[in-house]
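Summary of structural features
What follows is the residue order along each chain.
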Amino acid sequence: MKNRETQMKEAFFSARKAILASLLFAFTTPLFAKGPGTSTANFLKMGVGGRGVAMGEAQTAAVNDVMALYWNPAALGILRQNEVGFMHNSYLQGIGQDVLYYAHPSQNAGTFGAGVSLLRVGEITGYDTSGAKTQELTASDMLVSLGWGKTWENMVLLPGLNTGLNVKFLQKKLGDDSASCVMGDVGFLYEVQEENFLSGLRTGIAMQNLGGGLNFLEEKSNLPVLTKVGFAYPFFGETFTLAADLVSPSDNDLYGNFGLDYRLWDILAFRVGYKGQHDTDNGLTYGVSFGNERFHLDYAFVPFGDLGDSHRVSVGLRFGNTYRKTQVQAQLRQAYEKAEARYAQGY
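Predicted model only: the values in this text are computed from it and were never measured.

Notes on the overall build of the protein
Each helix and strand in the protein was counted, giving five helices and 16 strands. A buried classification covers 48% of the 347 residues belonging to the protein. Expressed as a percentage of contacts within the protein between residues at least 6 apart in sequence, the contacts between residues at least 24 apart total 55%. Put simply, the protein shows about 17,000 Å² of open surface, and 61% of that area lies on carbon and sulfur atoms.

Observations concerning the confidence of the model for the protein
Regions with low pLDDT carry predicted coordinates that are not meant to be interpreted in detail. Here the protein averages 83 in pLDDT, and 77% of its residues register 70 or above. For the protein, the element scoring lowest by mean pLDDT is helix H2 (residues 29-32), at 34; helix H4 (residues 68-71) scores highest, at 98. Segment residues 11-38: pLDDT under 50, and 52 contacts once partners within four positions in sequence are set aside and those in other chains are kept.

Focus on the side chain of Asp298
Topologically, Asp298 is positioned in strand S15 (residues 295-303). Taking the relative accessible area as the measure of exposure, Asp298 reaches 2% and is therefore buried. Polar contacts involving the side chain of Asp298 include one to the side chain of Arg271, which spans 2.7 Å. At a separation of 2.6 Å, a polar atom in the side chain of Asp298 contacts the side chain of His296. The contacts of Asp298, once residues within four sequence positions are left out, are Gly50, Arg51, Arg271, Val288, Ser289, Arg312, Val313 and Ser314.

Some thoughts on the packing of aromatic side chains
One pass over the full model with this rule turns up six aromatic pairs. Grouped by ring-pair contacts, the aromatic residues Phe236, Phe240 and Tyr262 constitute a single cluster. In this structure, Lys150 is placed above the aromatic ring of Trp152, and the distance from its NZ or CZ to the ring centre is 5.1 Å.

Thoughts on the layout of surface pockets
Its volume calculated, the second largest pocket comes out at about 950 Å³. Lining the second largest pocket are 40 residues, with Asn42, Lys45, Met46, Tyr91 and Lys275 sitting closest to its centre. Those elements that provide at least two residues to the lining of the second largest pocket are H4, strand S3 (111-127), strand S4 (133-152), strand S5 (161-174), strand S10 (226-235) and strand S14 (284-291). Of the residues assigned to the lining of the second largest pocket, the class counts are 19 nonpolar, 10 polar and 11 charged.

Some details on unusual backbone geometry
The backbone phi angle of Glu57 is positive, close to 65°, even though this residue is not glycine. Among the secondary structure elements, Glu57 is positioned in the loop between helix H3 (50-54) and H4. Positioned with a positive phi, Asp266 is a non-glycine residue whose angle comes to about 65°. With respect to the helices and strands, Asp266 occurs in the loop between strand S12 (255-264) and strand S13 (268-275). Assessed through its relative accessible area of 32%, Asp266 is described here as partly exposed.

Let's talk about the pattern of salt bridges
Scanning the model with the defined rule gives 11 salt bridges in all. We note a salt bridge from Arg271 to Asp261, for which the minimum N-O separation is 3.3 Å. Linking Arg271 in strand S13 with Asp261 in strand S12, this pair joins segments that are 10 residues apart in sequence. For the pair Arg271 and Asp261, a shared accessibility class is recorded, and that class is buried. The salt bridge involving Arg318 is made with Glu293; its shortest N-O contact spans 2.8 Å. With Arg318 in strand S16 (residues 309-319) and Glu293 in the loop between S14 and S15, the pair connects residues that are 25 residues apart, well separated along the chain. Bridged by salt links that share partners, the residues Arg51, Asp261, Arg271 and Asp298 form one connected network.

About the cut-offs
Residues numbered from 1 in each chain as written. Predicted model: local features only at pLDDT ≥ 70, side-chain atom pairs only at ≥ 80, totals over all residues. Heavy atoms only, no water. Helix = DSSP H or I, 4+ residues; strand = E, 2+ residues; numbered from the N terminus. Buried < 20%, exposed > 50% of the residue type's maximum accessible area, 1.4 Å probe, protein only. Contact = heavy atoms within 4.5 Å. Areas by Shrake-Rupley, 256 points an atom, 1.4 Å probe, with all protein chains shown as cover. pLDDT = per-residue confidence, 0-100. Polar contact = N/O pair within 3.5 Å; in protein donor to acceptor, adjacent residues only side chain to side chain. Phe/Tyr/Trp six-rings, centres within 6.5 Å; stacked < 30°, edge-to-face > 60°. Lys NZ or Arg CZ within 6 Å of the ring centre and 35° of its normal. 1 Å grid on protein atoms, 1.4 Å probe; cavity = no way out; pocket = protein on both sides within 12 Å on 5 of 7 lines; lining within 4 Å. Points joined across faces, edges and corners; volume = space filled by probe spheres on them. Nonpolar A, V, L, I, M, F, W, Y, C, P; charged D, E, K, R; others polar. Salt bridge = Lys/Arg side-chain N within 4 Å of Asp/Glu carboxyl O.

Listed below in structure tokens is the structure:
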């Protein structure tokens, strides 16, 4: 039995590792700051997945499924099975978004992901240079993503650190005009491994939409670069998960996102969140989920006041072989701890 002094020392070193991981590369934020109102392609900021959106988009450290391809590619490294995810977003004013992601883990090379996101806008009235109406135009955005994430289990300083990269291709269309560009994401994720009260604490870093900009109709605009630092901490055997993100966008001020996930009987979950950057709503988000580790259905509701409401529905399916035995052993340990916590709660 460890004495109190030993436990406190282990907790101190765990906290120091978590803080070190959170600060890793965070100093790069000022390099991408451009000032308010200087970016385009805000489609890139639209969160995906019912869980992430319902938790106020605080997902840099909390994401645990194939939607990591959007939130933080480093989290792809924690996946142990093939996974496919789909989301439909019924947005405002007839705007619709569909997302399809796939992740394939390997034994030693990490997890590879691919996905496509399509945003469709209803018909837009066109005008000529004199202001006269011409014809109805259609508009759409398409984003193709290729990602990779890996867990570095034998790293000396931060064993279990996850790193990840995305390469993304964006295409915008308005009538007969179109433009495209290439960009990238980089991510880091670390989970405290030591057996103490900080066990399970996750720290994440993600830098998204790093690229040169988009040339559309002879006008160049910067991409909306986001630098995020996130934390996620499970309570009572992961019955509760509390998440928080600090977000520094290149086109706006610093803000925070917060989310809570409450799981009941391992088949039902309730979620609530707060998104710090909001103009037309109060920032609150809500959601519910049905399912288990193999299959889950997630719903997120975001009210936008007089403009209407946003509804996102996503499904996730895991299948195939389980990879990386060390992670399976960790999963068994977590399941045992979860069972102990539930027993203590009277389940």
